[in-house]
Structures are given as structure tokens and as C-alpha cells.
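Spelled out from the first residue to the last, the chains are:
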Amino acid sequence: MPFEETDGGHDRCMTPLTTPSEQPYQVTSAADILSYVLHTLGFQPAESLVLLTMCGKRVGATLRVDLPANDLDPAEYAAGVCSILASDTSADGALLVLYSTDVWALAAGPPRQDLVSCLSSSLHSVGLELRDGWLVTDTVWRDYFCTDPDCCPWPGYPLESVTDSPLHTELVFRGSSIAQSLTAAVHGDTPQPWADPAQMARRWQDQQDRLGWRWTAAPQFATTLALWDVLLTPPADPGPLDDHDITAHLLASLSSRPLRDAVLVSAALGRETAVSGAAGNGVQRPGRDAPDLPPGGWAVLDLDPGAAAHCPRDTADRRYAREFCDVLIGQHRGQLRWDRVDVAHELFSRLSAVATDEPRVALLTMLGWIEWARGRGSRAHLYLQEALKEMPNYSLAGLLDQVVARGILAEWTRDRELAWRHGTPHAV
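Residues numbered from 1 in each chain as written. Predicted model: local features only at pLDDT ≥ 70, side-chain atom pairs only at ≥ 80, totals over all residues. Heavy atoms only, no water.

(A) The arrangement of the packing of aromatic side chains in detail. Going through the model one piece at a time under the given rule, you end up with seven aromatic pairs. Here the aromatic rings of tryptophan 228 and phenylalanine 348 are separated by 6.2 Å at their centres, their planes lie at 75°, and the arrangement is edge-to-face. Taken together, the positions of tryptophan 228 in helix 8 (residues 218-232) and phenylalanine 348 in helix 14 (residues 338-352) put the pair 120 residues apart, joining distant regions of the chain. When sorted by exposure, tryptophan 228 lands in the same class as phenylalanine 348, which is buried. Every member of this aromatic cluster is reached through a ring pair, and the members are Trp104, Tyr144, Phe145 and Trp154. In this structure, arginine 142 packs its charged tip against the face of tryptophan 104, placed 4.7 Å from the ring centre. (Phe/Tyr/Trp six-rings, centres within 6.5 Å; stacked < 30°, edge-to-face > 60°. Helix = DSSP H or I, 4+ residues; strand = E, 2+ residues; numbered from the N terminus. Buried < 20%, exposed > 50% of the residue type's maximum accessible area, 1.4 Å probe, protein only. Lys NZ or Arg CZ within 6 Å of the ring centre and 35° of its normal.)

(B) Representation of the packing of helix 2 (residues 74-85) against helix 3 (residues 113-125). At a minimum axis separation of 8 Å, helix 2 and helix 3 run at an interaxial angle of 40°. The pairing of helix 2 with helix 3 is recorded here as oblique in orientation. In the packing of helix 2 onto helix 3, the handedness of the crossing is right-handed. Contact with helix 2, carried on its side by Pro74, Ala75, Tyr77, Ala78, Ala79, Val81, Cys82 and Leu85, involves Asp114, Leu115, Cys118, Leu119, Ser122 and Leu123 of helix 3 and no other residues of that element. Considering only residue class, the contact of helix 2 with helix 3 consists of 12 nonpolar, one polar and one charged. (Axes fitted to C-alpha atoms, helices over the stretch in contact; angles between N-to-C directions. Parallel < 35°, antiparallel > 145°, perpendicular 65-115°, else oblique. Left-handed = near helix turned anticlockwise from the far one by under 90°. Contact = heavy atoms within 4.5 Å. Nonpolar A, V, L, I, M, F, W, Y, C, P; charged D, E, K, R; others polar.)

(C) Inspection of the pattern of salt bridges at higher detail. The final tally for this structure, using the stated rule, is 16 salt bridges. Arginine 319 is the partner of glutamate 323 in a salt bridge, and the nearest nitrogen-oxygen pair spans 3.4 Å. Of this pair, glutamate 323 and arginine 319 both sit in helix 13 (residues 318-328), four residues apart, which is roughly one turn of the helix. What you see here is one network of salt bridges that share partners, running through Asp342, Glu371, Arg374 and Arg376. (Salt bridge = Lys/Arg side-chain N within 4 Å of Asp/Glu carboxyl O.)

(D) Main features of the pairing of strand 5 (residues 129-136). Relative to strand 5, strand 4 (residues 93-99) is paired through seven bridges, and the arrangement is parallel. Each residue of the ladder has a partner; that of tyrosine 99, found in strand 5, is valine 136. With antiparallel pairing between neighbouring strands as the criterion, strand 5 and strand 6 (residues 140-143) make up a hairpin whose turn holds three residues. (Pairing = 2+ DSSP bridges.)

(E) Representation of the nonpolar core. Ranked by size, the top nonpolar core spans 100 residues in total, and within it Val97, Trp228, Val327, Phe348, Trp369 and Trp412 carry the most contacts. Counting residues per element, this core draws most heavily on helix 15 (residues 357-374), at 10 residues. Apart from residues lying up to four places away in sequence, tryptophan 412 is in contact with Val327, Gly330, Gln331, His332, Gly334, Leu336, Trp338, Trp369, Ala373, Leu418 and Ala419. (Core = buried A, V, L, I, M, F, W, Y, C linked by side-chain atoms within 4.5 Å.)

(F) Looking closely at the pairing of strand 3 (residues 58-66). By the criterion of burial, strand 3 is predominantly enclosed, with eight of the nine residues buried. Where strand 2 (residues 48-55) and strand 3 come together, seven bridges link them in antiparallel fashion. Looking at strand 3, one finds that serine 48 is bridged to aspartate 66. The loop that links strand 2 with its antiparallel partner strand 3 comprises two residues; one of these, glycine 56, has a positive phi angle of about 65°.

Written out as C-alpha cells, the structure is:
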């Protein structure tokens, strides 16, 4: 079953709980649950199935998938969906929300009954009881399983009752918001250009022409990565980007694919792993030339011009080399530094607003990787498709898009203690 395709395919997005230390929100009604789903996803689903795992009375992970085409085997679809939920080993139940414009003819019963029946059976097979479910159309919502007009009047409750719910009010008060669509949610993360992209292109191209063959030389590699590290270290301070020569240097460095990968690893695991892992994997090469940075870059690093940044490298320790590769392909089994990843998302979004050509495609791909790492494959797919539209032969975007399309999840997204938690409401 393909993964995260929004144009007629199937889409999965696993979102875990927030940190246990956060004050849980009280869910007291079906409208609260539907509001919780919207805030967890961050956008209004369309033609989607949402499943929430339950541990006792506590809500666990949220999974969204595109509804299957009518000619797809519902049993196969249900089995694929439930195989993902099975990774939540603490769960003992599930809730279902069906977002569809399919007509519910009163005499015929709710839409997608074969699918829901298969889902119930598949959930049971992995130890999860389907406890309740709701249908949400473009005008109303109602209980999927209840036909008693006294408690579930026909045709249902207006959608406004979801956004009028106490939980929705509480989440909005705490800064959460909901986009009208997945596309709007993704595009809402991109700021307006804050510099002229054409002028910026001339600046970064000048630096690329000068440094193109030197990016992977150890002194230049470590020093440029140190400059990235300043901007990736929380709390986020975009101040250095006011120096357009620094911005141009960062953009130009993304033309080096080993450096691009190292920036992602640095965001996820820190600069030491990025530098040492790159060395251990042989993507750096020896070099004697002094590193090259814009004048403002030396000031940011507090280094004398021409002095190489410290390279915390021990190539004899193969752990760094393994971690470098494992985190890029989603096989890392430890904790990612999510505070740095969140800063990286903001930084890459900001840079993408003024980037062109390969640096922009690199940034879109890196944003796609971050969303995949977060467990938000829907958003990852959109970023990767945008990258491939601009540069169809960009290999990393193509490979990641295949990973997303095949339903491959990063290992850490399967463990609620390791998975990304930022921005997710915590409900009981």
C-alpha cells in the first residue's frame, strides 16, 4: 500500500503524545475528540481515515490515511493500516474518524461499511478494540455506529460544534491553529522572501564558483558546518542571516551533497556526529587550504580569518559513521535532538524563501526529510513533490519520495518515547 500520496493514494501520518510532563487536556465529548484530531494534524482532513489508539481512557497515537479507492481490497487496506498501529504496544483500543463526502442514505446505513468492518477485524487481530467512531462530512458529523435518533439526531451535528467545543477553545488559547487543508498547512510554514532571490542567487553562485571543489576538504567542511551549527543551536537566532553574504555561503554549501547530508545529521544528532560521521564514511577529504568564509562568518564563529573550526573527530570510532548513515535512512534507534530539528525546520523554511535552483531544491528536500522524521509523511510528500517538480533528477528527493510512498516509517516514530512531540496536544 503506497504511503503519503495525497493525489488518490494513501496517506499515513503518525503523531505521538506530547511529553508526559505537560498538563493533559480533558476530553469530555465527541466534539472534543474531533477537535483534538484537527489540532493534532494541524489541518482539516479530506477523504481521510483517522485512527487514534487508546490506552485505557488515555489517547495515544494518531494515524491519518487517505481513504482507499472503491476498487481496492478493504481487507488489504485495513491490514496495512493496523500493522502501523500495532507498533503502539501500550494501546488496547482505538477510535475511528471517517472524513468523507460520501452520502449516508438513512435506509442504507453509513458509507464504507465494508472498510470499517475490515478495520474492526484487523484491529482485533492486533489486540485493539474499536471502541467508537464518527463520520465527518463537509457539513455535519455524527456517530458512525449509532442509529438512535434520540441521542444521534438525523442528519447529525453541525461542524461548528467541533470548533465551539471546550477543548478547541483551550487549544486555540494555548496557541494551536488549524489550516484549511494540508497544502495550506505546508505553505503556511514558508515566510515571504526577505531578500531579493535574484540578487541572492548571484551572491551564492559567486561563492560556489570559488569554493565548489573545496566544500569537502576537511578544514572547509568543518568550518562551514560550524557556521550552520550556530544557526541550528537553540534558542533560534536568525540574526546572522541579516548578513546576506552569510546567507549566500549557507545556500552555496548546499550544492555539496555531502555537506547537505551533514547539515541534516547535525540538526538531528549534533555537529560532533555530523563531522565525525562524515569523516568516518569517507565523504571528507584531506585538505591544506585555509577555509573560506564571508567576513561576518568569522565574527559569528569568533575565529580569526582563515582559521579552521575545531573538528571533533575520531574516525576510529565507527559509531559516528554508523549513526550518520542510520539517521539519514531512519534506522537510528536513539533519541533525536528534536529541539535542533525544530530550529532546523524554521531555518530551512526561511532560507527556502530566498533560495533558487539547487539550493532551493536541497532545502525543500531537507524539509521533506524533517517532516518524514517527525512522522508527518503527508507534509513530507508535498515538500518532496515540490522539489522534484523543480529538479526531477534530484536523487535524494526521489529516494525519499519512494520511501514515503512505500509506507516506510523511521524507526524512532514507532516509539512514543523517541518520536517527535512538539505541538501535539496531550489528551485524556
